[in-house]
Amino acid sequence: MTSVFLELGQRPDEPGPPIHGAAAYPDEVTARLAADAATIIARYPQARSALLPLLHLVQAEDSCLTPAGIRFCAAQLGLTDAEVTAVATFYSMYRRQPTGEYLVGVCTNTLCAVMGGDAILESLQSHLDIAPGQTTDDGTVTLEHLECNAACDYAPVVMVNWDFFDNQTPSSARELVDALRSGETPTPSRGGSLCTFRDTARILAGLNGPCDAESSGVVGTATLAGLRFAREHGMSAPQAGTPSDSTGHEPAGPSGRDQAEATEAVKDQPAPAPSADVPAQAGTPETDPGSADSR
């Protein structure tokens, strides 16, 4: 039997110690951050509930988390440095290395990968001459390899400081980072203003920023495809505690009980194997959501 050794540690795209930097803020920085921290903490019945926004606050100060930021948060909330670090190192949105003005994240999870996410990431690595987790020499762009952005309706998606740029291609992604490096501010696909990384972190902390304009609030057609299909076919969510059939319609009377009993009987059995049938092509009545004959 062959042994396999797995070395568990921090994210591979952020080398070096988990948290690094100065040990404490200067007095004037501490005083300035403490005023913002008081505003944030006052929103919560329990002070320690403000930890996540406070981590965004210190990330806005340093472009990543440092021992100074960890110590500041701990002091404000009456926690130990270890307690704050345990939370800070759990969430991927808190950076452990200095971050450029724009954090450019490329999703290569299932749907984005199928639609070309891998090619976009490879293209940006070559174009910027950096690997994921690294920053360009001018300090403008930090490249990040992301997991799912929950924006599969417009895959492949590139995120810049957590704003979406939809339906990207290798060429459009290169144009995007070139615009960022030349001082332009492209408009995100979902509207609103694109902020620098530090300004975005301050907004995520719950404080006003210089570019926190609201988005247009327009929802794209692809996002509403499922809702549109459900309405066209009279589908609705079942009431709480009521079993539903595969179409979303609520069964009535004994059929609902029968289904519940059948579900209980097979709950520990393996799922059936995938069908060997070739799916119908897109656009046919069987698969076109807009077709009245869809089932």
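What counts, and where the lines are drawn
- Residues numbered from 1 in each chain as written.
- Predicted model: local features only at pLDDT ≥ 70, side-chain atom pairs only at ≥ 80, totals over all residues.
- Heavy atoms only, no water.
- Core = buried A, V, L, I, M, F, W, Y, C linked by side-chain atoms within 4.5 Å.
- Buried < 20%, exposed > 50% of the residue type's maximum accessible area, 1.4 Å probe, protein only.
- Helix = DSSP H or I, 4+ residues; strand = E, 2+ residues; numbered from the N terminus.
- Contact = heavy atoms within 4.5 Å.
- Polar contact = N/O pair within 3.5 Å; in protein donor to acceptor, adjacent residues only side chain to side chain.

Observations regarding the nonpolar core
Core analysis: the biggest nonpolar cluster contains 25 residues, and L54, L55, L57 and V84 have the highest contact counts within it. If you list the elements that add at least two residues to this core, you get helix 1 (27-41), helix 2 (51-62), helix 3 (67-77) and helix 4 (81-88). Among the elements that make up this core, the one with the highest residue count is helix 3 (6 residues). The residues touching V84, leaving out its near neighbours within four places in the chain, are L51, L55, I70, C73, A74 and L79. Counting 18 residues, the second largest nonpolar core, distinct from the first, contains I130, V158, L176 and L180.

Quick notes on unusual backbone geometry
Residue P156 follows A155 across a cis peptide bond; omega there is -5°. Structurally, the position occupied by P156 is in the loop between strand 2 (141-146) and strand 3 (158-160). Here N161, not a glycine, exhibits a phi torsion of approximately 50°, which is positive. Along the chain, the position of N161 falls in the loop between strand 3 and strand 4 (163-165).

Describing the side chain of E144
With respect to the secondary-structure elements, E144 resides in strand 2. A residue is classified by how much of its surface remains accessible, and E144, at 5% relative accessible area, is buried. Separated by 3.1 Å, the side chains of E144 and R95 make a polar contact.

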